[in-house]
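So you can see what is in the structure, the chains are spelled out below.
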Amino acid sequence: MKWPALILVALLGVLQYPLWFGKGGWTRVRELDQQVQSQRESNAKLEARNAGLEAEVRDLKTGYEAIEERARYDLGLVKPNETYVQLPQQK
């Protein structure tokens, strides 16, 4: 090859390097894409958890059944003239 062709090939290589390996190169874009996908999955799980908690809060604010269930389950409370029986949990 002649010198001008070698210079053009070298110049082309120098110009392509940032595209493939630089700060905004394809490898960095692929890494960021994977991070975004991972974060979206994490966000979806957290949104589902938040929706469940929001429904529970709404039930506690509006209905007495949810409050009564919480009092019975968490605190072991009973109504008057009721017998409380607790069974051991199996492991």
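Residues numbered from 1 in each chain as written. Predicted model: local features only at pLDDT ≥ 70, side-chain atom pairs only at ≥ 80, totals over all residues. Heavy atoms only, no water.

Chemist: Please give an account of the overall build of the chain that cites residues and values.
Modeler: What the chain contains, in helices and strands, is three helices and zero strands. Shown N-terminal to C-terminal, the secondary structure of the chain runs as helices and strands in the order α-α-α. Relative to its length of 91 residues, the chain is extended, with a C-alpha radius of gyration of 32 Å against a globular reference of 12 Å. When the 91 residues of the chain are sorted by exposure, 4% land in the buried category. Total accessible area on the chain is roughly 9,000 Å²; 59% of this is exposed by carbon and sulfur atoms. (Helix = DSSP H or I, 4+ residues; strand = E, 2+ residues; numbered from the N terminus. Rg over C-alpha atoms; globule rule 2.2 N^0.38 Å. Buried < 20%, exposed > 50% of the residue type's maximum accessible area, 1.4 Å probe, protein only. Areas by Shrake-Rupley, 256 points an atom, 1.4 Å probe, with all protein chains shown as cover.)

Chemist: So, the confidence of the model for the chain: which residues are in play, and what are the values?
Modeler: The pLDDT averaged across the chain works out to 85; a share of 99% of its residues lies at or above 70. Here helix α3 (residues 64-75) is the element of the chain with the lowest mean pLDDT, 80, and helix α2 (residues 26-62) is the one with the highest, 92. (pLDDT = per-residue confidence, 0-100.)

Chemist: Any chance you could break down unusual backbone geometry for me, citing the residues and the numbers?
Modeler: The backbone of N81 sits at a positive phi, close to 65°, despite the residue not being glycine. Counting through the fold element by element, N81 comes out in the segment after α3. Take N81: its relative accessible area is 85%, and that puts it in the exposed class.

Chemist: Lay out the pattern of salt bridges in plain terms, naming residues and giving numbers.
Modeler: Counting across every chain of the model gives five salt bridges. Salt-bridge contacts for E68 lead to K79; the nearest nitrogen and oxygen are separated by 3.4 Å. Taken as a pair, E68 in helix α3 and K79 in the segment after α3 lie far apart in primary sequence, 11 residues in all. Among the residues examined, K79 registers a relative accessible area of 42% and is labelled partly exposed. R72 is paired through a salt bridge with E82; the nearest N and O atoms lie 3.0 Å apart. Of this pair, R72 sits in helix α3 while E82 sits in the segment after α3, and the two are 10 residues apart along the sequence. Note on R72: relative accessible area 28%, which makes it partly exposed. Look at E82 and you get partly exposed, because its relative accessible area is 34%. Residues participating in the shared-partner salt-bridge network are E68, R72, K79 and E82. (Salt bridge = Lys/Arg side-chain N within 4 Å of Asp/Glu carboxyl O.)

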